[in-house]
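One-letter residues, chain by chain:
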Amino acid sequence: VFQRDGYRCVGCGFQSSPETAETELDAHHITDRTEMPNGGYVKENGISLCKIGASNCHARAEMFHSSGKSEWESGFHPDDLYRKIGSTYEVAVRASKKLCEADGG
Ligand SMILES: [Zn+2]
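Now for a quick tour of the structure. (Residues numbered from 1 in each chain as written. Predicted model: local features only at pLDDT ≥ 70, side-chain atom pairs only at ≥ 80, totals over all residues. Heavy atoms only, no water.)

Notes on the coordination of the zinc ion
Rule in force here: Only nitrogen, oxygen and sulfur atoms qualify as donors, and only when within 2.8 Å of the metal (3.2 Å in the case of Na, K and Ca); with water excluded, sites may look incomplete. Under the classification used here, a metal with four donors is tetrahedral if each angle lies between 85 and 135 degrees, square planar if opposite donors are over 155 degrees apart and the others between 65 and 115, a six-donor metal meeting that same test is octahedral, and anything else is irregular. Secondary structure elements are defined from DSSP: runs of H or I of at least 4 residues count as helices, runs of E of at least 2 residues count as strands, and each element is numbered from the N terminus. Only protein chains enter the accessibility calculation, which uses a 1.4 Å probe. A residue is then buried if its area is under 20% of the maximum for its type, exposed if over 50%, and partly exposed in between.
Summarising the metal site, the zinc ion is bound by the protein donors Cys 9 (SG), Cys 12 (SG), Cys 50 (SG) and Cys 57 (SG), whose distances to it range over 2.3 to 2.4 Å. Classification of the site at the zinc ion rests on its four donor atoms, whose angles at the metal span 102 to 113°, yielding the label tetrahedral. Counting residues between consecutive donors of the zinc ion along the chain gives the motif C-x2-C-x37-C-x6-C. Linking Cys 9 in the segment before α1 (21-24) with Cys 57 in helix α2 (residues 57-66), this pair joins segments that are 48 residues apart in sequence. Residue Cys 9 is classed as buried on the basis of its relative accessible area of 2%. Assessed through its relative accessible area of 0%, Cys 57 is described here as buried.

Considering the pattern of salt bridges
For clarity, the cut-off: Here, a salt bridge means any Lys or Arg side-chain nitrogen found within 4 Å of an Asp or Glu carboxyl oxygen.
Summed over the entire model, instances satisfying the criterion amount to four salt bridges. Salt-bridge contacts for Arg 83 lead to Asp 80; the nearest nitrogen and oxygen are separated by 2.7 Å. Placement of the pair is Arg 83 and Asp 80 together in helix α3 (residues 78-84), with a separation of three residues, close to one helical turn. Classification of Arg 83 as exposed rests on a relative accessible area of 60%.

Regarding the environment of Val 91
Structurally, Val 91 can be placed in helix α4 (residues 89-102). Between the alpha carbons of Val 91 and Arg 33 there is a distance of 15 Å; along the sequence they are 58 residues apart.

Regarding the nonpolar core
Note the following rule: In this text, buried Ala, Val, Leu, Ile, Met, Phe, Trp, Tyr and Cys residues form a nonpolar core when linked through side-chain atoms within 4.5 Å.
Formed by 17 residues in total, the largest nonpolar core has its most connected members in Cys 9, Leu 25, Ile 30, Ile 47, Leu 49, Cys 57 and Phe 76. Elements that contribute at least two residues to this core include exactly β2 (46-50), α2, α3 and α4. The biggest single contributor to this core is β2, with three residues.

Describing the pairing of β2
Consecutive side chains along a regular strand alternate between the two faces of the sheet. The criterion, for reference: Think of it this way: DSSP has to see at least two bridges between two strands before they count as a pair.
Burial analysis of β2 places five of its five residues in the buried class, which makes it a mostly covered element. Burial along β2 is two-sided: the face carrying Gly 46, Ser 48 and Cys 50 and the face carrying Ile 47 and Leu 49 are both buried. Two strands pair when backbone bridges link them, and strand β1 (residues 25-29) and β2 are joined in this way by five bridges, in the antiparallel orientation. Its bridge partner lying in β2, Ala 27 is registered against Ser 48.

Details of the packing of aromatic side chains
Ring pairs (aromatic) are described by centroid distance and by the angle formed between their planes. Heads up, the condition is: Classification of ring pairs rests on two measures: the distance between centres of Phe, Tyr or Trp rings, Trp counted by its six-membered ring, which must be within 6.5 Å, and the angle between planes, read as stacked under 30 degrees, edge-to-face over 60 and tilted in between. For a Lys NZ or an Arg CZ to count as sitting over a ring, it must be within 6 Å of the ring centre and within 35 degrees of the ring normal.
One pass over the full model with this rule turns up zero aromatic pairs. Its end group placed over the ring of Phe 76, Lys 84 keeps NZ or CZ at 5.6 Å from the ring centre.

Below, the structure written as C-alpha coordinates:
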(Lines give C-alpha, C1' and ligand atoms only; values in the text may rest on other atoms or scores of the structure.)
Protein backbone atom coordinates (compact mmCIF):
# COMPACT_ATOMS: atom_id res chain seq x y z
CA VAL A 1 0.00 0.00 0.00
CA PHE A 2 2.79 2.44 0.92
CA GLN A 3 4.55 1.63 -2.32
CA ARG A 4 1.44 2.20 -4.43
CA ASP A 5 0.86 5.57 -2.77
CA GLY A 6 4.51 6.56 -3.23
CA TYR A 7 5.13 6.69 0.56
CA ARG A 8 2.87 9.70 0.66
CA CYS A 9 -0.10 10.38 2.92
CA VAL A 10 -3.15 10.38 0.66
CA GLY A 11 -4.96 12.63 3.13
CA CYS A 12 -2.66 15.63 3.36
CA GLY A 13 0.19 14.83 0.97
CA PHE A 14 2.80 14.36 3.69
CA GLN A 15 5.84 12.76 2.02
CA SER A 16 7.42 9.85 3.88
CA SER A 17 10.07 7.41 2.63
CA PRO A 18 10.61 3.64 2.49
CA GLU A 19 12.88 3.95 5.54
CA THR A 20 10.46 5.94 7.70
CA ALA A 21 7.07 4.75 6.41
CA GLU A 22 6.63 2.25 9.26
CA THR A 23 6.73 4.98 11.89
CA GLU A 24 5.18 7.85 9.93
CA LEU A 25 2.42 6.19 7.93
CA ASP A 26 -0.42 3.81 8.69
CA ALA A 27 -1.83 1.36 6.15
CA HIS A 28 -5.37 2.22 7.13
CA HIS A 29 -8.20 -0.26 6.51
CA ILE A 30 -10.82 1.83 4.72
CA THR A 31 -13.55 -0.62 5.68
CA ASP A 32 -12.92 -2.09 9.10
CA ARG A 33 -11.21 -5.49 9.00
CA THR A 34 -14.06 -7.01 11.01
CA GLU A 35 -16.49 -6.09 8.24
CA MET A 36 -14.43 -7.52 5.38
CA PRO A 37 -13.95 -11.09 4.13
CA ASN A 38 -10.57 -12.42 5.33
CA GLY A 39 -9.93 -9.20 7.24
CA GLY A 40 -9.66 -7.05 4.15
CA TYR A 41 -5.89 -7.27 3.97
CA VAL A 42 -5.75 -6.16 0.33
CA LYS A 43 -4.34 -3.02 -1.20
CA GLU A 44 -7.78 -2.18 -2.61
CA ASN A 45 -8.94 -1.64 1.00
CA GLY A 46 -5.75 0.03 2.19
CA ILE A 47 -4.70 3.65 2.12
CA SER A 48 -1.55 5.38 3.34
CA LEU A 49 -2.37 7.93 6.03
CA CYS A 50 0.10 9.82 8.21
CA LYS A 51 -0.01 9.05 11.92
CA ILE A 52 2.29 11.82 13.12
CA GLY A 53 2.33 15.60 13.09
CA ALA A 54 -0.43 18.15 13.17
CA SER A 55 -2.66 16.66 10.50
CA ASN A 56 -2.51 13.02 11.73
CA CYS A 57 -4.86 11.84 9.02
CA HIS A 58 -5.05 8.32 10.45
CA ALA A 59 -6.56 9.61 13.70
CA ARG A 60 -9.05 11.63 11.66
CA ALA A 61 -10.03 8.56 9.64
CA GLU A 62 -10.50 6.60 12.87
CA MET A 63 -12.61 9.34 14.42
CA PHE A 64 -15.67 7.67 12.96
CA HIS A 65 -15.10 4.74 15.28
CA SER A 66 -14.27 6.82 18.34
CA SER A 67 -17.27 9.10 17.80
CA GLY A 68 -19.62 6.16 18.15
CA LYS A 69 -19.99 5.85 14.39
CA SER A 70 -22.01 9.04 14.21
CA GLU A 71 -20.03 11.25 11.91
CA TRP A 72 -17.13 11.27 9.49
CA GLU A 73 -14.60 14.00 9.33
CA SER A 74 -14.97 15.76 5.98
CA GLY A 75 -12.95 14.00 3.28
CA PHE A 76 -12.40 10.87 5.36
CA HIS A 77 -15.57 8.99 4.56
CA PRO A 78 -14.74 5.53 3.13
CA ASP A 79 -16.25 6.57 -0.21
CA ASP A 80 -13.86 9.54 -0.30
CA LEU A 81 -10.88 7.37 0.60
CA TYR A 82 -11.75 4.71 -1.96
CA ARG A 83 -12.06 7.38 -4.63
CA LYS A 84 -8.62 8.73 -3.77
CA ILE A 85 -6.98 5.37 -4.45
CA GLY A 86 -9.22 4.50 -7.42
CA SER A 87 -11.02 1.69 -5.61
CA THR A 88 -14.53 1.05 -4.33
CA TYR A 89 -16.07 -0.97 -1.52
CA GLU A 90 -17.18 -3.62 -4.05
CA VAL A 91 -13.70 -3.89 -5.56
CA ALA A 92 -12.17 -4.24 -2.09
CA VAL A 93 -14.63 -6.96 -1.07
CA ARG A 94 -14.02 -8.87 -4.30
CA ALA A 95 -10.24 -8.68 -3.79
CA SER A 96 -10.60 -9.82 -0.19
CA LYS A 97 -12.60 -12.86 -1.23
CA LYS A 98 -9.87 -13.78 -3.71
CA LEU A 99 -7.41 -13.66 -0.84
CA CYS A 100 -9.14 -16.67 0.61
CA GLU A 101 -9.10 -18.60 -2.68
CA ALA A 102 -5.39 -17.87 -3.14
CA ASP A 103 -4.68 -19.34 0.27
CA GLY A 104 -6.54 -22.48 -0.72
CA GLY A 105 -9.51 -21.78 1.49
ZN1 LIG B 1 -1.78 13.14 6.40
